[in-house]
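Report on the structure
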Amino acid sequence: MVSTRRPNDRDCARHQWAADAAEATTYLWPMPLLRIVLAAASLLTRRLPALLACIALCVRMRRDNGPPLRESLKLVIPAHRLAVWIRRNNIRHVHAATPSGSLITTLLARRISPGFTVACTVNAKFNWWGGALNVKFNEADAIFVVVGWMQQQASQDFSPAINRKLHLARHGVDTRDWPERPAPPPAPPFQIVSVGRLHFSKGYDDTIRAVAALRSTGKDVRLAILGEGPERKKLEQLIESLDLDDAVTLTGSVPEHEVRARIEAAHLFVGASHVEALGVVYIEAMALGVPTIATEADGPKEIIQEGTSGLLVPIKDTETLTRAIERIIDDPGLAARLGKAGRQRIIEHYDSRIGAKTVYETIAAAAQENDNRSRESNDAQPKSNSGRSARSPSTQR
């Protein structure tokens, strides 16, 4: 694995495998000053045509509403380091996690050291990725979107050439590793769990107010919100103002195994997001067989079939959310049916092996096509008497 930069401690994952993943990752930045100087010298002397090609690509991206030229040019030195790493490890394909800095760095590296294929994944709205998507997507060999509405939007926003290499590879979970949970604990209290960054777009204030409304009618409802973020102070103040200190818990950031344990122990998962491109946490809850309520944001309304595999409520509608939670509390049979149907929905459409198969087959086909082009290009080279391609010494390097 390669990362453009080392994350700060605040952004580091708390999962059990995080330290091992960090140890196995090559970080392109920051770089020692001497390495920066040597990379710049290599580009200015031995690889000047490649440097000019990098500058041209940055200019094209800027003209396509991309990042300021100085910002993309900053990535040329890390891209040189990535190109060296790719050559040393004989890499045939690079998959960029997002179509932002990681994809730009990868495309610049291919200008410096051609010969590998490039793909990227889009996991949020197209306008979130710093522009220049026409240039980036035309340069890539394959683009993967994680939800169907993105595929539909792409058909309207991008050229047929781009759409031909755009593939739906849904994110999900391996349902073998996320088996259906045992029966939930008896209620009351009725346990609700929400998971995600403490951000205003997650709608936690709506969920907290719904809990307050339910408790005012005598229902013993508890809420645990798993995650950390900039809205903590406001949420703490809201909890205090509604006298919910004993009913609502902000756990902070927790590792994956604890997230899973908390979801398994809950009677209901609630996500009240205002904006949600996909929502893997809904998939996790449904895979475990936990009844799930979500808003009609883009991702959740594609995952959940209203009334069959979960319940959907309008965005920012606390009253409707309260009634939906009350339905689950008052009807254990409905909760059980939604839980079972939700898990089946994930097995059929959001098991990670389905998306992984699409990614693998697409990448393999692109790499094979690239190998065939290279072979044809080599065969077309004029041969010297010794049987070698008649190239200049600089080309052979």
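Residues numbered from 1 in each chain as written. Predicted model: local features only at pLDDT ≥ 70, side-chain atom pairs only at ≥ 80, totals over all residues. Heavy atoms only, no water.

A closer look at the pattern of salt bridges
- Under the definition given, this model contains 23 salt bridges.
- With a closest N to O distance of 3.0 Å, Glu-236 and Arg-232 form a salt bridge. In this pair, Glu-236 and Arg-232 are both assigned in helix α11 (residues 232–241), four residues apart and thus about one turn of the helix distant.
- Overlapping salt bridges, with partners in common, bring together Asp-174, Arg-176, Asp-351 and Arg-353 in one network. (Salt bridge = Lys/Arg side-chain N within 4 Å of Asp/Glu carboxyl O. Helix = DSSP H or I, 4+ residues; strand = E, 2+ residues; numbered from the N terminus.)

Quick notes on the sheet that holds strand β5 (residues 142–145)
- Pairing in this open sheet of four strands is parallel, and the strands run β3-β4-β5-β6 from one edge to the other. In this open sheet, the two strands that pair with only one neighbour each are β3 (93–96) and β6 (166–168). Each neighbouring strand pair of the sheet contributes to a mean axis angle of 25 degrees, computed without reference to strand direction.
- One ladder, built from four bridges, connects β3 with strand β4 (residues 117–122); its direction is parallel. Across the sheet, residue Ala-96 finds its bridge partner in β4, namely Cys-120.
- The sheet strands contacting helix α6 (residues 101–112) are β3 and β4, and the helix crosses β4 at an angle near 170 degrees. (Pairing = 2+ DSSP bridges. Axes fitted to C-alpha atoms, helices over the stretch in contact; angles between N-to-C directions. Contact = heavy atoms within 4.5 Å.)

Let's talk about helix α10 (residues 204–216)
- Over its 13 residues, α10 extends 18 Å from the first C-alpha to the last, a length consistent with the 18 Å expected when each residue adds 1.5 Å.
- The complete set of buried residues in α10 reads Tyr-204, Asp-206, Thr-207, Ile-208, Ala-210, Val-211, Ala-212 and Leu-214.
- Residues of α10 that are buried in the fold lie against β7 (190–195), β8 (221–226), α11, β9 (248–252), β10 (268–271) and α15 (318–330).
- Phi for Gly-218, located one or two positions after α10, is positive at around 100 degrees. (Expected span 1.5 Å × (residues − 1). Buried < 20%, exposed > 50% of the residue type's maximum accessible area, 1.4 Å probe, protein only.)

Keep in mind these numbers describe shape, not what the thing actually does.
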